Amino acid sequence: MTPAIDFDFESHRLRMAGESFPENVHTFYAPVFEELDRYLRGLEGNVPISVELHFSYVNSASMRSLQQLLTLLDTSASCGARVHVKWLAAADDDVLQELGEDLLHDKRWLTYEIATN
Amino acid sequence: MISSPSDAVDPALHGLRFEYCGPFSESVIAATSESLRSLLARNGVDARTARRLFSSYVELTYNILHHAIPEAATGGISRPHGRLLVKEEQGRFRISATSRVTCENAVALAERLEQFRNMSREQLIFEYKLRLTNLQFDPASASANGAGMGLVTVARDALEPIEYSVDLGAQSDCLFSIHALH
């Protein structure tokens, strides 16, 4: 199962939502990262970038990809991009809320919030 | 199967039961995990337990997909085979995953699980967080298996130490089972 990916580069709003447990994580995420990397490298000025991650389930193999995604965004933020990540999880899903905190707490340059719905 | 009168009052024999035995693929995992989720919801299993069972189901099935010896199926396509069983036992749920693996693989799996069995809950949470953090610094070893995150996730979420058993198979292979309680 793969999440829905809605990267609107023109309005600088990036969104991923749903469940992530594909058989081959690399095959699914590699082209996503390529596109994101191209976008981040082509940024001009310090426009605010809004990233919304709203997962309902993430398996362990997908966690590596999410680490890579957030590291890519944090590196871009260290070079001047204004990246804000909103991690959304169900109010009663402590596992996903904790995962968001675990993945984001050590990122130094981007800003983030963990929200529940 | 003939039920004795004592079976009729034994909740362990009348609780929720979910079983899949056969070839595994991404689509089989997606379909069967969704069936399990529906069954848990229909039976009013609390959301917290249901989420952890679903997660353990996905991690254990992917463990089979990555480690089991492929077996020829109808149509001649070899796929990893295995058996997943979720069984309610006195209000708790035991999930068991069994597959044929090479004995070399069985030794490696047993070593890893033994390591987790000897850890306290706090140590398991620490181990999990450490591996999660390290994923960003270790792109060179970018295997599809998530650096052993799957089994540590199952061990972390289980109510009791994760269990395993190994039996010698018929063809110089090993029958490996992993059990976790939720």
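Residues numbered from 1 in each chain as written. Chains lettered and ligands numbered in written order. Predicted model: local features only at pLDDT ≥ 70, side-chain atom pairs only at ≥ 80, totals over all residues. Heavy atoms only, no water.

Asks: Teacher, can you tell me more about the state of the cysteines here?
Replies: One covalent bond between the sulfur atoms of two cysteine residues makes up a disulfide. Residue and element names in this part refer to chain B. Counted under the stated rule, the structure contains 1 disulfide over all chains. We note that Cys 21 lacks a disulfide partner, and the nearest cysteine sulfur, in Cys 174, lies 18 Å from it. By relative accessible area, Cys 21 is classed as exposed at 57%. (Disulfide = S-S within 2.5 Å. Buried < 20%, exposed > 50% of the residue type's maximum accessible area, 1.4 Å probe, protein only.)

Asks: Would you mind showing me how to read the interface of chain A and chain B here?
Replies: Many structure descriptions define interface size as the accessible area lost when the parts assemble. The partner chain B presents 34 residues to the 24 residues of chain A that form the contact. Taking both partners together, chain A and chain B bury about 2,400 Å²; carbon and sulfur atoms supply 47% of that area. The tally of links between chain A and chain B comes to 13 residue pairs in polar contact (both at pLDDT 80 or more). Breaking the side of chain A that touches chain B down by element, the ones donating at least two residues are α2 (60–78) and α3 (94–104) of chain A. A class-by-class count of the residues in the side of chain A that touches chain B yields 10 nonpolar, 4 polar and 10 charged. (Contact = heavy atoms within 4.5 Å. Buried area = accessible area lost by both parts, 1.4 Å probe. Polar contact = N/O pair within 3.5 Å; in protein donor to acceptor, adjacent residues only side chain to side chain. Helix = DSSP H or I, 4+ residues; strand = E, 2+ residues; numbered from the N terminus. Nonpolar A, V, L, I, M, F, W, Y, C, P; charged D, E, K, R; others polar.)

Asks: Help me understand the environment of Ser 62 of chain A in this model?
Replies: All names here are of chain A. As for its position among the elements, Ser 62 is in helix α2. Taking the relative accessible area as the measure of exposure, Ser 62 reaches 0% and is therefore buried. Ser 62 sits 43 residues away from Glu 19 along the chain, and the two C-alpha atoms are 9.8 Å apart. If near-sequence neighbours (up to four positions away) are discounted, Ser 62 is found in contact with Ser 20, Phe 21, Pro 22, Val 25 and Tyr 29. Side chain to side chain, Ser 62 and Ser 20 meet in a polar contact 2.9 Å long.

Asks: Whenever I open this one, the sheet that holds strand β3 (residues 48–58) of chain A confuses me. Can you help?
Replies: Note: strands within a sheet are paired through backbone hydrogen bonds, in either parallel or antiparallel orientation. All names here are of chain A. Taken in spatial order, the 5 strands make up an open sheet running β1-β2-β3-β4-β5, and their pairing is mixed. Edge positions in the open sheet fall to β1 (4–8) and β5 (111–116), since each of these has one partner strand only. In this sheet, neighbouring strand axes are inclined to one another by 15 degrees on average, regardless of whether the strands run parallel or antiparallel. Here 8 bridges tie strand β2 (residues 13–20) to β3, and the two strands are oriented parallel to one another. What sits directly across from Gly 18, in β3, is Phe 55. (Pairing = 2+ DSSP bridges. Axes fitted to C-alpha atoms, helices over the stretch in contact; angles between N-to-C directions.)

Asks: Quick question: what am I supposed to make of the confidence of the model for chain B here?
Replies: Detail in the predicted coordinates should be disregarded across regions flagged by low pLDDT. Residue and element names in this part refer to chain B. On average, chain B scores 85 in pLDDT, and the residues at 70 or more come to 84%. A low-confidence stretch, residues 1–12 (pLDDT under 50), is modelled with 6 contacts involving residues beyond four sequence positions or located in other chains. Taken as a whole, residues 140–147 scores under 50 in pLDDT and shows 11 contacts with residues more than four places along the chain or in a different chain. (pLDDT = per-residue confidence, 0-100.)

Asks: Which parts of the structure should I look at to understand helix α5 (residues 103–117) of chain B?
Replies: Residues lying three or four places apart along an α-helix face the same way, a consequence of the helix completing one turn every 3.6 residues. Residue and element names in this part refer to chain B. Counted at 1.5 Å a residue, the expected span for α5 with its 15 residues is 21 Å, and the 20 Å between its end C-alpha atoms agrees. Looking at α5, one finds that the buried residues are Ala 106, Leu 109, Ala 110, Leu 113 and Phe 116. Along the long axis of α5, the arc covered by the buried residues comes to 120 degrees, so they all point the same way. Those residues of α5 that are exposed and aimed more than 90 degrees away from the buried face are Glu 104 and Glu 111. Check the buried side of α5 and you find it contacts α4 (47–67), β4 (92–101), α6 (121–134), α7 (149–157), β5 (163–168) and β6 (174–181). (Expected span 1.5 Å × (residues − 1). Arc of directions from axis to C-beta.)

Asks: What should I look at first to understand the packing of aromatic side chains in this one?
Replies: We describe a pair of aromatic rings using the distance from one ring centre to the other and the angle between the two ring planes. Per the stated rule, a full pass over the model turns up 11 aromatic pairs over all chains. Measuring from centroid to centroid gives 5.9 Å for Phe 55 of chain A and Trp 87 of chain A, while their planes differ by 45 degrees, and the two rings are tilted. Residue Phe 55 of chain A is located in strand β3, and its partner Trp 87 of chain A is located in strand β4 (residues 82–89); the two are separated by 32 residues in the primary sequence. For the pair shown, Phe 55 of chain A and Trp 87 of chain A are each scored as buried. Consider the rings of Tyr 57 of chain A and Phe 54 of chain B, whose centres lie 5.0 Å apart with planes at 85 degrees: the pair is edge-to-face. With Tyr 57 of chain A in strand β3 and Phe 54 of chain B in helix α4, this pair bridges two chains. (Phe/Tyr/Trp six-rings, centres within 6.5 Å; stacked < 30°, edge-to-face > 60°.)

Asks: Looking at this structure, how should I read the nonpolar core?
Replies: A general tendency of soluble globular proteins is for nonpolar side chains to be buried together. Formed by 80 residues in total, the largest nonpolar core has its most connected members in Leu 73 and Trp 87 of chain A. At 9 residues, the largest contribution of residues to this core is made by α4 of chain B. Setting aside chain neighbours within four positions, we find Leu 73 of chain A in contact with Leu 36, Leu 40, Val 51, Val 83, Val 85 and Leu 110 of chain A. (Core = buried A, V, L, I, M, F, W, Y, C linked by side-chain atoms within 4.5 Å.)

Asks: I tried to follow unusual backbone geometry on my own but got confused; where do I start?
Replies: For residues besides glycine, phi is generally negative; the peptide bonds are generally trans as well. The backbone of His 12 of chain A shows a phi angle near 60 degrees, a positive value even though the residue is not glycine. Residue His 12 of chain A is classed as buried on the basis of its relative accessible area, which comes to 19%.

Asks: It is not clear to me how the pattern of salt bridges should be interpreted in this structure. Could you clarify?
Replies: Close approach of charged atoms lets side chains of opposite charge pair. Tallied over the entire structure, the rule returns 19 salt bridges over all chains. Its salt-bridge partner being Arg 51 of chain B, residue Asp 92 of chain A comes within 2.9 Å of it at the nearest N-O pair. Of this pair, Asp 92 of chain A sits in the loop between β4 and α3 while Arg 51 of chain B is found in helix α4, placing the two residues in two different chains. For Arg 51 of chain B, a relative accessible area of 26% puts it in the partly exposed group. For Lys 129 of chain B, the salt bridge identified is with Asp 102 of chain A, shortest N-O distance 2.7 Å. Placement of the pair is Lys 129 of chain B in helix α6 and Asp 102 of chain A in helix α3, with the two residues belonging to separate chains. (Salt bridge = Lys/Arg side-chain N within 4 Å of Asp/Glu carboxyl O.)

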